[in-house]
Amino acid sequence: GQSLEQPSEVTAVEGAIVQINCTYQTSGFYGLSWYQQHDGGAPTFLSYNALDGLEETGRFSSFLSRSDSYGYLLLQELQMKDSASYFCAVRDRTGSSYKLIFGSGTRLLVRP
Amino acid sequence: DAGITQSPRHKVTETGTPVTLRCHQTENHRYMYWYRQDPGHGLRLIHYSYGVKDTDKGEVSDGYSVSRSKTEDFLLTLESATSSQTSVYFCAISDLDRGSYEQYFGPGTRLTVT
């Protein structure tokens, strides 16, 4: 089967750095994505890693280690608006079609 | 923003009644998805489509059916709604044919089954 594990909640202070980890178990792996969702809103794409290493996009970075079935999202210079839920998702393939399997999400609370 | 809409945005229905949710896109993307989101479960894939009339089941497909007769529309039907299907439903699209791994989500439909 397929499963993803991520912490349910993380709290951090404005201006700090926070890391949200994700471990996965899947039969077919084609990449790891991260999505952000504010309360009452729709998920929005943050990053995608297909290969090992770090991908940086502004204040957000995402890391992948395929040998460890592990990835993380790093948020720097935290702002109050970063308070949201963050989901990791594994890209899986069945035949010729692709789909995403999501983790249950990490709720980030940024305190002043 | 990707052109993706969902209708209705809110619906209250009674147990045993049929319900159809509509997802409409203006991006001409081949892939479309239906998810449900419940507290503590994140997003769970119900069904997805990889082309007109091409659909497949996701991880929680029981009690749901889908249809895609044209590229822009993907319908999700609950044949006989149950209280366990009370949830927020999200539609998403992706443009994998052009190498994009990003999924764009619609605004969601909040469905309550009483």
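Residues numbered from 1 in each chain as written. Chains lettered and ligands numbered in written order. Predicted model: local features only at pLDDT ≥ 70, side-chain atom pairs only at ≥ 80, totals over all residues. Heavy atoms only, no water.

**With respect to the overall build of chain B**
Phase 1: Assigned secondary structure in chain B consists of zero helices and 11 strands.
Phase 2: For chain B, the α and β elements follow one another from N to C terminus as β-β-β-β-β-β-β-β-β-β-β.
Phase 3: Here the C-alpha atoms of chain B give a radius of gyration of 13 Å, agreeing with the 13 Å that 2.2 N^0.38 yields for 114 residues.
Phase 4: Overall size of chain B, expressed as C-alpha extent along the three principal axes, is 40 × 30 × 25 Å.
Phase 5: Within the span of chain B, comprising 114 residues, buried residues form 48% of the whole.
Phase 6: Long-range contacts, defined here as pairs at least 24 residues apart, represent 56% of the contacts in chain B between residues at least 6 apart.
Phase 7: When the accessible surface of chain B is totalled, it reaches about 5,300 Å², and 45% of it is carbon and sulfur. (Helix = DSSP H or I, 4+ residues; strand = E, 2+ residues; numbered from the N terminus. Rg over C-alpha atoms; globule rule 2.2 N^0.38 Å. Buried < 20%, exposed > 50% of the residue type's maximum accessible area, 1.4 Å probe, protein only. Contact = heavy atoms within 4.5 Å. Areas by Shrake-Rupley, 256 points an atom, 1.4 Å probe, with all protein chains shown as cover.)

**Some details on the overall build of chain A**
Phase 1: When helices and strands are counted, chain A shows zero helices and 11 strands.
Phase 2: For chain A, the succession of helices and strands along the chain, N to C, is β-β-β-β-β-β-β-β-β-β-β.
Phase 3: Principal-axis analysis of the C-alpha atoms gives chain A an extent of 45 × 30 × 20 Å.
Phase 4: Counting only residues that meet the buried cut, chain A has 48% of its 112 residues in that class.
Phase 5: When contacts within chain A are restricted to residue pairs at least 6 apart in sequence, long-range pairs at least 24 apart make up 56% of them.

**Remarks on the environment of Thr114(B)**
All names here are of chain B.
Phase 1: Summarising the element assignment, Thr 114 is placed in the segment after strand 11 (109-113).
Phase 2: Classification of Thr 114 by relative accessible area gives exposed; the value is 54%.
Phase 3: Note: C-alpha distance between Thr 114 and Ser 67 (47 residues apart in sequence) is 25 Å.
Phase 4: In this structure Thr 114 touches Val 12, Thr 13, Glu 14 and Thr 15, once residues within four positions along its chain are discounted.

**Remarks on the state of the cysteines**
Phase 1: Scanning the entire structure with this criterion turns up two disulfides over all chains.
Phase 2: Paired by a disulfide, Cys22(A) and Cys88(A) hold their sulfur atoms 2.1 Å apart. Classification of the bridge connecting Cys22(A) and Cys88(A) rests on its S-S torsion, roughly 75°, and on that basis the disulfide is right-handed. Placement of Cys22(A) in strand 3 (residues 18-25) and of Cys88(A) in strand 9 (residues 84-94) is noted, with a sequence separation of 66 residues between them.
Phase 3: Taking the relative accessible area as the measure of exposure, Cys88(A) reaches 0% and is therefore buried.
Phase 4: Residue Cys23(B) pairs covalently with Cys91(B) via a disulfide, S to S 1.9 Å. One disulfide, between Cys23(B) and Cys91(B), carries an S-S torsion of -75° and so falls in the left-handed class. (Disulfide = S-S within 2.5 Å.)

**Regarding the packing of aromatic side chains**
Phase 1: By the definition in use, this model includes 16 aromatic pairs over all chains.
Phase 2: Ring centres of Tyr33(B) and Tyr48(B) lie 6.2 Å apart, and the angle between their planes is 20°; on these two criteria the pair is classed as stacked. Note that Tyr33(B) is positioned in strand 4 (residues 31-38) and Tyr48(B) in strand 5 (residues 42-51), a separation of 15 residues in sequence. Each member of the pair, Tyr33(B) as well as Tyr48(B), is classed as buried.
Phase 3: Measuring from centroid to centroid gives 6.4 Å for Phe90(B) and Phe105(B), while their planes differ by 85°, and the two rings are edge-to-face. In this pair, Phe90(B) sits in strand 9 (residues 87-94) while Phe105(B) sits in strand 10 (residues 103-105), placing the two residues 15 residues apart along the sequence. The pair Phe90(B) / Phe105(B) is uniform in exposure class, with both members buried.
Phase 4: Counting every residue linked through ring pairs, the aromatic cluster contains Tyr35(A), Phe45(A), Phe102(A), Tyr31(B), Tyr33(B), Tyr35(B), Tyr48(B), Tyr50(B), Phe90(B) and Phe105(B). (Phe/Tyr/Trp six-rings, centres within 6.5 Å; stacked < 30°, edge-to-face > 60°.)

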